[in-house]
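Understanding the architecture of this molecule
Residues per chain, in single letters:
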Amino acid sequence: TKDLATGICLGVAMLIPSFSAGTVALITGRYQFLLTLIRRWRLLLRHPVRNKDRLVRGGSMALGAIASVVLLTRFISGLIRSYETSVLAFFTGVIAATALSFTPSLQEWHDRGTWLVFVGILFVLMATIPLNLQIPVGVWTAPLLAILSVTVMLLPGVSGSYILLVFGAYTGMIQALSTPGSS
C-alpha cells in the first residue's frame, strides 16, 4: 500500500544524514496524518474499533519504517566498519550538495536573503567541523540522543541523523541499532 511505501521512505530518510523524514512525510501528503496520530495516540488506542482505519494506516507506515531501519542499519554499519571515512565524507558531501541545490532559486531573492543563506551554511559548518564532538553511545546517552533525533525528525527540513552526526554519535547509534543487545 501507499502507507507501507511511505513508511519505507521514512525509515530510509531517518538513517541518512541530510534527508528529512518530516520532509518525506510532507511530500507524500502524510505529515498532518502523522502529527495527528502522535497527538491523539491515547484516544486512538482507547477506541480502536472507531479508529481502525487510522490505526491500520499508521501501523503500515510504522511497519515500513521499522523494516527499512532494521534492514539498512546492518548495511550502513558494514559500510562504516569497512569505509568509515569514505561513508562520512559521502554524507558530508550530500549535506553540502543539498545546501547548494538551493542556489538556483536564490536568484529570486534579494541580496540580503542570499547573504543570510550563505551565513547560515557557514554557521553550520563552523558549528560542526571544529567541535568534532564525540559523545559515546551508552546506556544513558543512547536514549537521550534518540529522543533528540526523533524530535528533530518531526520538523520538515531537519535531519535527525544529521544531529547525531553533529554530536559524533551517528556511527555508534547505527552500530547499536544493527546489533541490538550487544552493548
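Below is a summary of the structure that appears in this document. (Residues numbered from 1 in each chain as written. Predicted model: local features only at pLDDT ≥ 70, side-chain atom pairs only at ≥ 80, totals over all residues. Heavy atoms only, no water.)

This next bit is on helix α9 (residues 170-178). Along an α-helix, residues three or four positions apart point the same way, because every turn accommodates 3.6 residues. All of the buried residues along α9 are Tyr 170, Thr 171, Met 173, Ile 174 and Ser 178. Looking down the long axis of α9, one finds its buried residues gathered within 165° of arc, a one-sided arrangement. (Buried < 20%, exposed > 50% of the residue type's maximum accessible area, 1.4 Å probe, protein only. Helix = DSSP H or I, 4+ residues; strand = E, 2+ residues; numbered from the N terminus. Arc of directions from axis to C-beta.)

A few words on the pattern of salt bridges. In the structure shown here, the tally under the stated rule is two salt bridges. For Arg 30, the salt bridge identified is with Asp 3, shortest N-O distance 2.8 Å. Taken together, the residues span a long stretch of sequence, with Arg 30 in the loop between α2 (21-27) and α3 (31-39) and Asp 3 in helix α1 (residues 2-15) at a distance of 27 residues. Accessibility expressed as a relative area gives 9% for Asp 3, which makes it buried. One continuous salt-bridge network, built from bridges that share partners, spans Asp 3, Arg 30 and Arg 57. (Salt bridge = Lys/Arg side-chain N within 4 Å of Asp/Glu carboxyl O.)

Summed over the entire model, instances satisfying the criterion amount to zero aromatic pairs. For Arg 57, the ring lying beneath its charged end belongs to Phe 33, and the centroid distance is 4.0 Å. (Phe/Tyr/Trp six-rings, centres within 6.5 Å; stacked < 30°, edge-to-face > 60°. Lys NZ or Arg CZ within 6 Å of the ring centre and 35° of its normal.)

On to the nonpolar core. In terms of nonpolar packing, the biggest core is built from 14 residues, with Ile 76, Ile 80, Tyr 170 and Ile 174 touching the most fellow members. Mapped onto this core, the elements with two or more residues apiece are α5 (52-100), α7 (141-153) and α9. Among the elements that make up this core, the one with the highest residue count is α5 (five residues). Setting aside its immediate chain neighbours within four residues, Tyr 170 contacts Leu 15, Pro 17, Ile 76, Ile 80, Leu 88, Phe 91, Ser 161, Leu 164 and Leu 165. The next biggest cluster of nonpolar side chains, apart from the first, holds eleven residues, and it includes Ala 21, Phe 33, Leu 44 and Met 153. (Core = buried A, V, L, I, M, F, W, Y, C linked by side-chain atoms within 4.5 Å. Contact = heavy atoms within 4.5 Å.)

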